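Secondary and tertiary structure notes
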There are 2 protein chains.
Amino acid sequence: MKKHNFSAGPSILPEFTKEKTAEAVMNFAGTGLSVMEVSHRSKEFVAVMEQARQLVKELLNVPEGYSVLFLQGGASLQFLMAPMNFLEKKAAYLNTGTWASKALKEAKTYVGEVLEVASSKDMNFNYIPKGYVVPDDVDYFHYTSNNTIFGTEIHEDPEVAVPMICDMSSDIFSRPVDVSKYDLIYAGAQKNLGPSGATLVIVKDAALGKVTRPIPTMLDYRIHIQNDSMFNTPGTVPVFGCLQTLLWLKELGGVEVIQKVNRQKADLLYAEIDRNKMFRSTVPDPADRSVMNVTFVMAPEFAEMEKAFGDFASSRGMVGLKGHRSVGGFRASIYNAMPLESVQALVDVMKEFEQQN
Amino acid sequence: MKKHNFSAGPSILPEFTKEKTAEAVMNFAGTGLSVMEVSHRSKEFVAVMEQARQLVKELLNVPEGYSVLFLQGGASLQFLMAPMNFLEKKAAYLNTGTWASKALKEAKTYVGEVLEVASSKDMNFNYIPKGYVVPDDVDYFHYTSNNTIFGTEIHEDPEVAVPMICDMSSDIFSRPVDVSKYDLIYAGAQKNLGPSGATLVIVKDAALGKVTRPIPTMLDYRIHIQNDSMFNTPGTVPVFGCLQTLLWLKELGGVEVIQKVNRQKADLLYAEIDRNKMFRSTVPDPADRSVMNVTFVMAPEFAEMEKAFGDFASSRGMVGLKGHRSVGGFRASIYNAMPLESVQALVDVMKEFEQQN
């Protein structure tokens, strides 16, 4: 039976990425050696790193004066690195969920003064705050573009008067971004990019070096820039996997093309959730709904059938549909690599479940 | 032509590790999904993490009261994490090479007071200092057991009166270790353990929590212990690869067995270096010579033939033999996965080169 992988992350990757990686684990770039056992300083692996960095620039239309890095430690380490490198007096954070809260807390507890400009915690993060004010005197405004757990997303670059820092872990490469508005963009690889173990960083060179605190070596973006992302040994398989997905995305036509496909998949699924009397979206305002993570629960009158639907969906090959414990219900993560057919298969399962009950 | 992979790291891995990883990249644990695209919280991947941690305990005979973690960021991040978690008043460091110097510098520059108890920098780190004194009042004694670049190794656990912290990146699992003498052992995976992107940490639980500084979340060993190495998303492929190598090592008989094989390989190669009039070891005292990284240069009267030997060895399938720029000449890294036959092949090439010249 065909599996439909709706996991939130690590999550579905293109067949191309899987096949090329499996091949390179046995024989990398014709060396007769595995990508796991060649020096990261070999010309073959340096080419992988350089091509991956170059493709990120190309696909996201990164302007001159920005550096692209592949680091380790995921967004969780960026929660610390971002303020270490950018927070001098005060920073503004928008709190839209678990990861946004963690980023805010890390900066506030260990680095410096933080202003929470708005929070949707009052409604279990089921909406994106509007009308908040970002003061002009903060070092930066930090937000999380997509909230994997709560199924909300900020679909367009906010308009603020200060430089922005954004955690784009779960929607990077799903749509165009105006990188020039940001001092820093970071993203764990394990959603739209590749296997876990790589963290993508896009940083504005001229914005660095303005804080007065000493920054430990591994936490200093300048060190990684000076060393072309090779200050220490990168995860060679994770970076190789990211390159394959970037090649796949380029071949497909880039972020403008995938954005249309993503919109189509999301529309199909949200339409069924809104139509089907057994289910309900957890995000009331359609404008706030995530194109990447579609969260839904049983309608109140069918609440006791949650397990039954989960089992039914599993029996039809649906994988990773269980919602995060903070929300309950279900979450269909429909990242870039998810084909429309899998979303259709889920919709069919929802319809069939409705008919049976 | 068969390749003999003498790379210093990432470096040769068992065929078993490569085959099992390639297989899991296409179909992991019978899920029909890739190990790159399943949730790290799936029961299949949790089992990988748990088995890997358990095998580390078994193979190194780790006593009760220690935690085993798989983190990210390599030894370079441990250079910061170790003092952050353990340095309260003062720490003692032994300086035996590039990596030992970096560990010392990171602790001293960003964390606290550091005493360099001895250094072999005066002779370009070609020996292990002896007779140094570690004061009783330091928080810990830090050393690097094997110096990958300079080809020296501390073959037995030092006898000091304070807790020890050791960077065992390049000789862990090559021989037994008395873990009970250490508060902390850390090692980048990419030599004897697996692909790059995983960092092994063995830490004494009761030794933690004694420093007064605030420790950022991702740098706090206690956070990772509380979360069973899953506080953030681990590199799933790197950890999977490590597990395969641990399984391979267990099947082979463990660290006592591999220690004998390693000694045999090293003896064979050092004997040829000492015998062959064209080459010279860079480490004069045989007691200080590394069993993992065998560094050698052309004898002075054959100095101009360095490139010729490099080319000759390459033409016979030898890969990764070029020495680090700080030492020059050649370096044969003969980690656990390197078969005796490959060392014999190198010895044959050295003999043949001697006969031809």
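Residues numbered from 1 in each chain as written. Chains lettered and ligands numbered in written order. Predicted model: local features only at pLDDT ≥ 70, side-chain atom pairs only at ≥ 80, totals over all residues.

1. Let's talk about the overall build of chain A
When you go through chain A residue by residue, the secondary structure sums to 9 helices and 14 strands. Reported as C-alpha extents along the three principal axes, the dimensions of chain A are approximately 60 × 55 × 30 Å. Within chain A, the proportion of its 357 residues that are buried is 54%. Taking all contacts inside chain A whose residues are at least 6 apart in sequence as the whole, residues at least 24 apart take part in 68%. (Helix = DSSP H or I, 4+ residues; strand = E, 2+ residues; numbered from the N terminus. Buried ≥ 20, exposed ≤ 12 C-beta atoms within 10 Å, placed from the backbone. Contact = placed C-beta atoms within 7 Å.)

2. A closer look at the environment of B:Lys265
All names here are of chain B. With respect to the helices and strands, the residue Lys265 is situated in helix 7 (residues 255–275). On the basis of neighbour counts, which here come to 25 C-beta atoms within 10 Å, the residue Lys265 falls in the buried class. In this structure, Lys265 is in contact with Ile334, Met338, Leu340 and Val343, ignoring residues within four places of it in sequence.

3. Here's the deal with the domain arrangement of chain A
Residues and elements named next belong to chain A. Considered domain by domain, chain A is made up of domain 1 (15–252) and domain 2 (254–356). Between domain 1 and domain 2, the C-alpha centre-to-centre distance is 27 Å. Contact with domain 1, which involves 25 residues of that partner, is made by 25 residues of domain 2. Of all the secondary-structure elements, those providing two or more residues to the side of domain 1 that touches domain 2 are strand 6 (146–147), strand 7 (152–153) and helix 6 (236–252). Top contributing element to the side of domain 1 that touches domain 2 by residue count: helix 6, with 3 residues. Partitioned by chemical class, the residues of the side of domain 1 that touches domain 2 number 10 nonpolar, 10 polar and 5 charged. (Domains from an automatic or database assignment. Nonpolar A, V, L, I, M, F, W, Y, C, P; charged D, E, K, R; others polar.)

4. Things to note about the interface of chain A and chain B
Taken together, the contacts link 48 residues of chain A with 48 residues of chain B. Going through the elements one at a time, helix 1 (15–26), helix 3 (74–86), helix 4 (98–110) and helix 6 of chain A are the ones with two or more residues in the side of chain A that touches chain B. Take the side of chain A that touches chain B: its biggest share by element is 5 residues, from helix 1 of chain A. In terms of residue class, the side of chain A that touches chain B is made up of 20 nonpolar, 24 polar and 4 charged.

5. Things to note about the relation of the copies chain A and chain B
For the pair chain A and chain B, the relating rotation is 180 degrees, the translation along its axis is 0.0 Å, and the fit reaches an RMSD of 0.0 Å. Here the symmetry operator amounts to a two-fold rotation axis. No C-alpha of chain A lies nearer the rotation axis than that of A:Ala22, which sits 2.2 Å from it. Mapped onto chain B, 100% of the interface residues of chain A are again interface residues, and the two copies thus contact each other with one and the same surface. (Least-squares fit on C-alpha atoms with pLDDT ≥ 70 in both.)

6. A look at unusual backbone geometry
All names here are of chain A. In this structure, the amide linkage connecting Gly9 to the following residue, Pro10, adopts the cis form with an omega of -10 degrees. Among the structural elements, Pro10 can be located in the loop between strand 1 (4–5) and helix 1. Even without a glycine there, the phi angle at Phe173 is positive, about 70 degrees. Topologically, Phe173 is positioned in the loop between strand 8 (164–167) and strand 9 (182–188).

7. Regarding the packing of helix 7 (residues 255–275) of chain A against helix 9 (residues 340–356) of chain A
Residues and elements named next belong to chain A. In the contact formed by helix 7 and helix 9, the axes pass within 10 Å of each other and the chain directions differ by 0 degrees. Here helix 9 runs roughly parallel to helix 7, going by the angle between their axes. Every residue of helix 9 that contacts helix 7 at Val261, Gln264, Lys265, Leu268, Leu269 and Glu272 is listed here: Leu340, Val343, Gln344, Leu346, Val347 and Met350. Of the residues assigned to the contact of helix 7 with helix 9, the class counts are 8 nonpolar, 2 polar and 2 charged. (Axes fitted to C-alpha atoms, helices over the stretch in contact; angles between N-to-C directions. Parallel < 35°, antiparallel > 145°, perpendicular 65-115°, else oblique.)

8. Notes on the sheet that holds strand 14 (residues 330–333) of chain B
The strands making up a sheet associate through backbone hydrogen bonding, with each pair oriented either parallel or antiparallel. All names here are of chain B. A sheet is described by the order of its strands in space; here 3 strands give the open sequence 11-12-14, paired in antiparallel fashion. This sheet does not close on itself; its edge strands, each paired only once, are strand 11 (279–281) and strand 14. Strand after strand, the sheet turns through a mean of 35 degrees between neighbouring axes, direction not considered. (Pairing = 2+ DSSP bridges.)

9. Notes on the sheet that holds strand 3 (residues 90–95) of chain B
Residue and element names in this part refer to chain B. Read from one edge to the other, the open sheet built from 7 strands follows the order 2-10-9-8-5-3-4, with strand pairing classed as mixed. The strands lining the two open edges of the sheet, one partner per strand, are strand 2 (66–71) and strand 4 (113–119). Within this sheet the neighbouring strands show an average axis-to-axis angle of 15 degrees, counted without direction. Sheet topology note: the strand 3/strand 5 (residues 141–144) ladder contains 2 bridges and is parallel. Looking at strand 5, one finds that Tyr93 is bridged to His142. Taken strand by strand, helix 2 (residues 43–59) contacts strand 2 and strand 10 (199–204), and its axis lies near 130 degrees from that of strand 2.

10. Let's talk about the environment of A:Ser67
Here A:Ser67 shows up in strand 2 (residues 66–71). Separated by 13 residues in the primary sequence, A:Ser67 and A:Gln54 have C-alpha atoms spaced 9.9 Å apart.

11. Some details on the pairing of strand 10 of chain B
Residues and elements named next belong to chain B. With 6 of 6 residues buried, strand 10 is to be regarded as a mostly interior element. Going residue by residue along strand 10, you find Thr199, Val201 and Val203 tucked away on one face and Leu200, Ile202 and Lys204 tucked away on the opposite face as well. Two elements, strand 2 and strand 10, share 6 bridges in a ladder whose sense is antiparallel. Paired with Leu69 across the bridge in strand 10 is Val201. Here strand 9 (residues 182–188) runs beside strand 10; their pairing, made up of 5 bridges, is antiparallel. Residue pairing across strands places Tyr186 opposite Val201, the latter belonging to strand 10.

12. Re helix 2 of chain B
Given 3.6 residues per helical turn, the α-helix brings residues three or four places apart onto the same face. Residues and elements named next belong to chain B. The terminal C-alpha atoms of helix 2, which comprises 17 residues, lie 24 Å apart, in line with the 24 Å expected from a rise of 1.5 Å per residue. Residues Phe45, Val48, Met49, Ala52, Arg53 and Val56 constitute the buried set of helix 2. Here the buried residues of helix 2 occupy an arc of 120 degrees about the axis, which is enough to place them on one side. Structural note: helix 2 exposes Lys43, Ala47 and Glu58 on the side pointing more than 90 degrees away from its buried face. (Expected span 1.5 Å × (residues − 1). Arc of directions from axis to C-beta.)

13. Quick word on the pairing of strand 8 (residues 164–167) of chain B
Residue and element names in this part refer to chain B. By the alternation rule, side chains of strand 8 split into Met164 and Cys166 and Ile165 and Asp167, which are all buried. Bridge count for strand 5 against strand 8 is 4 bridges, and the pairing is parallel. Its bridge partner being in strand 8, Phe141 is matched across the sheet by Met164.

14. Details of helix 9 (residues 340–356) of chain B
Residues and elements named next belong to chain B. Spanning 17 residues, helix 9 covers 24 Å between terminal C-alpha atoms, matching the ideal 24 Å at 1.5 Å per step. Within the sequence span of helix 9, burial applies to Ser342, Val343, Leu346, Val349 and Met350. Each buried residue of helix 9 lies within a common arc of 115 degrees when the element is viewed along its axis, so the set occupies one face. Exposed residues lying more than 90 degrees from the buried face of helix 9 are Glu341, Asp348, Gln355 and Gln356.

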